[in-house]
Amino acid sequence: MPQLRQLAETPKTDETPNTNEASTTYETPKAPDIPKTLTATVPRQFVHRAAVAETLLTGWTGTGPERFTVFAQWPRAHQLHVSPDRTSYEPLLIAETVRQCGALLAHTEYDVPLDHRFVLHELRITTRPERLAVGLIPAEPVVGITVTEVRRRGSRPAAIRYEADVRLGDETVATGHIAVSWTSESVYRRLRGGRTPDTVSALPVPPGLPAEAVDRALPADVVLAPTRRRDRWQLRVDTTHPVFFDHPLDHVPGMLLLEAARQAVRARGLDCRLPASFHTVFHQYAELDRATWIQVTDEDDEHIQVVGKQGESILFECRVGTGVR
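Residues numbered from 1 in each chain as written. Predicted model: local features only at pLDDT ≥ 70, side-chain atom pairs only at ≥ 80, totals over all residues. Heavy atoms only, no water.

(A) Region of the structure containing the pattern of salt bridges. In total, this model carries 24 salt bridges according to the counting rule given. Where glutamate 96 meets arginine 49, a salt bridge forms, and the shortest distance between an N and an O atom there is 3.3 Å. Of this pair, glutamate 96 sits in helix H1 (residues 91–109) while arginine 49 sits in the segment before strand E1 (57–64), and the two are 47 residues apart along the sequence. Judged by its relative accessible area of 12%, arginine 49 falls in the buried class. Two residues, glutamate 96 and arginine 99, come together in a salt bridge whose shortest N-O distance is 2.8 Å. A residue pair is termed a helical-turn pair when its members lie 3 or 4 positions apart in one helix, as glutamate 96 and arginine 99 do in helix H1 at 3 residues. (Salt bridge = Lys/Arg side-chain N within 4 Å of Asp/Glu carboxyl O. Helix = DSSP H or I, 4+ residues; strand = E, 2+ residues; numbered from the N terminus. Buried < 20%, exposed > 50% of the residue type's maximum accessible area, 1.4 Å probe, protein only.)

The following block contains the structure:
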């Protein structure tokens, strides 16, 4: 089991006092006090991020059979994960934190090679927005992970399901459930039929909705383009976006589709309803070179159903739970 944190040793020096100089005295300098807790991110490769700035996790430890505690830090400002007025954390941050937990544990506890490709099948997130206020210092959530199912291919793990309990201090601020599988690079390439970031180009990005219409500060973070219908939008896929496309991909990432569902709720003009929970099932890859359509298919006082399609194929379905502001 890897150590949660590892303190650095005091560097040794090859310099020795000159004992031939009687007029000179040498006093070994006192090593500075090292704080008992130092925080650094886990290696970014463990959570499938190119940027250290997008790596949220800081450590982990095992607490029992298929049970783990993962430590994280949330920034006080972020173009997607914090509200435009910087007062609250967004549900997308919870989803990304819980996703990173699964990737970290797959590589470190279930011996999944770093070059394997991961496929997200299902994601459920329930948040308590009233407990997600941004404080005066970065929040340091503790995530309890329980792996409820391990599927194997032969003797090796090939997929897991896990539950997450996200706590700030003594309070649970969110819960999550994820189902994810993985495959080798060679198998993935065969499945994708030669589609790579170098061989597939995204469609031109259409003009988006006004940023304020989807509760975003920057036009570049708007992922929906208007159509003639108030319940249907075209997905804007900007492969230069530094968060959604932290590294080159051959398909539309799941987190972009989740954000599209969040923005669809806001684009309906329901300013009094705050997206608070997401139950998303991913059916197939969203291709970069095909138009993706986001549509609200059903809604009531507490939930809005959002579907993503390419042609007649359903890519994902997301049931968004809303609360009153």
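So that's the structure; there's more coming.
(B) View of the environment of glycine 102. Its place among the elements puts glycine 102 in helix H1. Sequence separation of glycine 102 and phenylalanine 46 is 56 residues, and the distance between their C-alpha atoms is 9.5 Å. With sequence-adjacent residues up to four places away left out, glycine 102 is seen in contact with Ile160 and Tyr162. (Contact = heavy atoms within 4.5 Å.)

(C) The packing of H1 against helix H3 (residues 254–267), seen in detail. The N-to-C vectors of H1 and H3 enclose an angle of 155 degrees; their axes lie 11 Å apart at closest approach. As far as their axial angle goes, H3 and H1 are roughly antiparallel. Judged by the sense of rotation from one axis to the other, the crossing of H1 with H3 is right-handed. On the side of H1, the interface is formed by Leu92, Ala95, Glu96 and Arg99, while H3 contributes Met255, Leu258 and Glu259. (Axes fitted to C-alpha atoms, helices over the stretch in contact; angles between N-to-C directions. Parallel < 35°, antiparallel > 145°, perpendicular 65-115°, else oblique. Left-handed = near helix turned anticlockwise from the far one by under 90°.)

(D) Broad picture of unusual backbone geometry. Phi is positive for histidine 48, which is not a glycine, with a value near 65 degrees. Mapped onto the elements, histidine 48 comes out in the segment before E1. One non-glycine residue, arginine 86, lies in positive phi territory at about 60 degrees. Here arginine 86 is to be found in the loop between strand E2 (67–72) and H1.

(E) Structural view of the nonpolar core. Within the largest apolar cluster, 77 residues are counted, with the highest numbers of intra-cluster contacts made by Val70, Trp74, Ile145, Leu235 and Ile294. The element best represented in this core is H1, accounting for 9 residues. (Core = buried A, V, L, I, M, F, W, Y, C linked by side-chain atoms within 4.5 Å.)

(F) Representation of the confidence of the model for the protein in the model. Confidence in the prediction of the protein, expressed as mean pLDDT, is 89, and 87% of residues score 70 or more. Per-residue pLDDT stays below 50 along residues 5–29; that stretch engages in 10 contacts with residues further than four places along the chain or on separate chains. (pLDDT = per-residue confidence, 0-100.)

(G) Structural view of the packing of aromatic side chains. Applying the stated rule across the entire model yields 5 aromatic pairs. The ring of tyrosine 285 carries arginine 192 above its face, with NZ or CZ at 4.5 Å from the centroid. Positioned above the aromatic ring of tryptophan 293 is the side chain of arginine 232, whose terminal nitrogen or guanidinium carbon lies 4.4 Å from the ring centre. (Phe/Tyr/Trp six-rings, centres within 6.5 Å; stacked < 30°, edge-to-face > 60°. Lys NZ or Arg CZ within 6 Å of the ring centre and 35° of its normal.)

(H) Molecular detail of the layout of surface pockets. Of the volumes computed, that of the largest pocket is approximately 960 Å³. Residue lining of the largest pocket: 39 residues in total, with Phe118, Val119, Leu120, Leu249 and His251 positioned closest to the centre. Breaking the lining of the largest pocket down by element, the ones donating at least two residues are H1, strand E3 (117–127), strand E6 (171–183), helix H2 (185–191) and H3. Within the lining of the largest pocket, the residues separate by chemical class into 21 nonpolar, 11 polar and 7 charged. (1 Å grid on protein atoms, 1.4 Å probe; cavity = no way out; pocket = protein on both sides within 12 Å on 5 of 7 lines; lining within 4 Å. Points joined across faces, edges and corners; volume = space filled by probe spheres on them. Nonpolar A, V, L, I, M, F, W, Y, C, P; charged D, E, K, R; others polar.)

(I) View of empty space enclosed by the protein. Enumeration according to the criterion identifies 2 cavities of 30 Å³ or more in this entry. Estimated volume of the largest cavity: approximately 90 Å³. When its residues are assigned to classes, the lining of the largest cavity shows 9 nonpolar, 2 polar and 3 charged. Space inside the second largest cavity adds up to approximately 60 Å³. Lining of the second largest cavity is provided by Ala220, Val222, Val223, Arg236, Asp238, His241, Phe244, Phe245 and Leu256. For the lining of the second largest cavity, the class distribution of residues is 6 nonpolar, 1 polar and 2 charged.

(J) Expanded view of the environment of glutamate 90. When you line up the elements, glutamate 90 lands in the loop between E2 and H1. Relative accessible area serves as the criterion here: at 7%, glutamate 90 is assigned to the buried category. Setting aside its immediate chain neighbours within four residues, glutamate 90 contacts Leu80, His81, Val82, Ser83, Pro84, Asp215, Arg216 and Arg262.

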